[in-house]
Amino acid sequence: MRYLLVLFLGLSLSACVNVPPPTYKEPFAGILNINAASVPTDQAVNVGLPMGVIFTDNVETYLKYSKEGQELIQSFGPLTNSVAEADIEPTFVAGRVLSLLKSYYPDLELLPDFNQAVAKGKQSVCVIDIQMAAGAMSGDTTRIDISTYFFDASMTPVSRISGHGSGVIPYPAFDPQIQASTDMAVGELKAKYANLLQIP
C-alpha cells in the first residue's frame with residue numbers, strides 16, 4: 001500500500017512538487033498550417049505503404065510530465081508493483097499506441113516531420129497526439145486523450161481516430177487511474193481501428 005500511495009503522490013505533480021498540470025496546445029502547431037479540428041472524424045482509412053509516424057509536441061509535453069512523476073517516485077526507492085511500474089513509465093502510453101498501429105502497419109517508421117516523410121517516400125503518415133492529466137486527490141478524475149490523424153500520399157488529412165479514457169481516483173487514493181484510463185483509451189482506439197483501418 002505504501003508504494004501505491006507514493007505512486008499516487010508522484011503522479012499528482014501539481015499537488016506534490018508545485019509543477020502545474022501540463023498545458024497542451026493545438027496538435028498540429030509546428031507541424032502543419034492547418035487546425036487539427038478540421039480533420040474529418042472517424043472516416044475509413046485506406047492509405048498506402050510505407051507509413052511514417054510523427055509525434056506532436058503534446059507527446060513531448062506528456063512525456064516530460066510523466067518523467068517528472070517517475071523521478072519523484074523513484075526518489076522514494078524501488079517499486080515492487082508491476083502495474084505501478086507501468087503507470088510511471090513515461091513511454092507507456094506512446095508504446096501502447098505504436099504497438100497497436102504496428103499490428104496493422106508492421107513496417108511503420110518514426111519520423112521527426114512531414115519533410116522527412118516526403119523525402120523517404122512515405123505513402124502515408126499517422127500523426128499521434130497524446131494528452132494526459134492525472135488527478136491530484138481522491139474524487140479527482142484522471143483523463144487521457146489519444147488522437148491519431150491519418151494522411152494520404154499527398155499529405156492530405158483523411159481521418160482523425162481518437163480514444164478517450166478516464167477514471168475517478170478512489171478513497172483512499174492508492175490508484176491514480178493512469179493504467180485504467182490508458183486501457184480504456186487504447187481499447188476505444190482498437191475497436192475503431194477494427195472498423196475503420198483497411199490493410200493494404
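Since the structure is predicted, the reported quantities are computational estimates derived from the model, not experimental observations.

(A) Main features of the environment of Val186. Checked against the element boundaries, Val186 lands in helix 7 (residues 178-196). Residues Val186 and Ile144 lie 42 residues apart in sequence; the distance between their C-alpha atoms is 9.8 Å. Not counting residues within four places of it along the chain, the set of residues in contact with Val186 comprises Arg96, Leu100 and Ile146.

(B) Quick look at unusual backbone geometry. Of note, the amide linkage connecting Leu49 to Pro50 takes the cis form, showing an omega dihedral of 10°. Looking at the element boundaries, Pro50 is found in the loop between helix 2 (13-16) and strand 1 (51-55). Residues other than glycine seldom take positive phi values, yet Asp42 does so here, at roughly 50°. Inspection of the secondary structure puts Asp42 in the loop between helix 2 and strand 1. By relative accessible area, Asp42 is classed as partly exposed at 31%. In this structure, Met155 is a non-glycine residue whose phi angle is positive, near 60°. Mapping Met155 onto the fold places it in the loop between strand 4 (141-151) and strand 5 (157-168).

(C) View of the packing of aromatic side chains. Applying the stated criterion to the full structure yields six aromatic pairs. Between Phe28 and Tyr149 the ring centres are 4.8 Å apart and the planes differ by 65°, which places this aromatic pair in the edge-to-face class. Residue Phe28 is located in the loop between helix 2 and strand 1, and its partner Tyr149 is located in strand 4; the two are separated by 121 residues in the primary sequence. By the burial criterion, Phe28 is buried, and Tyr149 matches it. Taking 5.9 Å as the distance between ring centres and 55° as the angle between the ring planes, the aromatic pair formed by Phe28 and Phe151 counts as tilted. One end of the pair, Phe28, is in the loop between helix 2 and strand 1; the other, Phe151, is in strand 4, and 123 residues separate them in sequence. Both residues of the pair, Phe28 and Phe151, count as buried. A connected cluster of aromatic rings, assembled from ring pairs, spans Phe28, Phe114, Tyr149 and Phe151.

(D) Structural context of the nonpolar core. Among the nonpolar cores identified, the biggest contains 34 residues, and Tyr105, Ile130, Ile146, Phe150 and Tyr193 are the most heavily contacted of them. Secondary-structure elements contributing two or more residues to this core are strand 1, helix 3 (57-74), helix 5 (92-102), strand 3 (124-133), strand 4 and helix 7. Tallying contributions element by element places helix 5 first for this core, with seven residues. Discounting chain neighbours no more than four positions away, the residues touching Tyr105 are Val45, Val47, Leu49, Met51, Phe150, Leu197, Gln198 and Pro200. One finds Val39, Phe114, Phe151 and Met155 within the second-largest nonpolar core, a separate group that totals 12 residues.

(E) Structural detail: helix 7. In a regular helix each residue adds 1.5 Å, so 19 residues correspond to 27 Å; helix 7 covers 27 Å between its end C-alpha atoms and thus fits that length. For helix 7, the complete set of buried residues consists of Ile178, Ser181, Thr182, Ala185, Val186, Leu189, Tyr193 and Leu196. All buried residues of helix 7 lie within an arc of 120° about the axis, which places them on one face of the element. Those residues of helix 7 that are exposed and angled more than 90 degrees off the buried face are Lys190, Ala194 and Asn195.

Reading guide: rules and limits
Residues numbered from 1 in each chain as written. Predicted model: local features only at pLDDT ≥ 70, side-chain atom pairs only at ≥ 80, totals over all residues. Heavy atoms only, no water. Helix = DSSP H or I, 4+ residues; strand = E, 2+ residues; numbered from the N terminus. Contact = heavy atoms within 4.5 Å. Buried < 20%, exposed > 50% of the residue type's maximum accessible area, 1.4 Å probe, protein only. Phe/Tyr/Trp six-rings, centres within 6.5 Å; stacked < 30°, edge-to-face > 60°. Core = buried A, V, L, I, M, F, W, Y, C linked by side-chain atoms within 4.5 Å. Expected span 1.5 Å × (residues − 1). Arc of directions from axis to C-beta.

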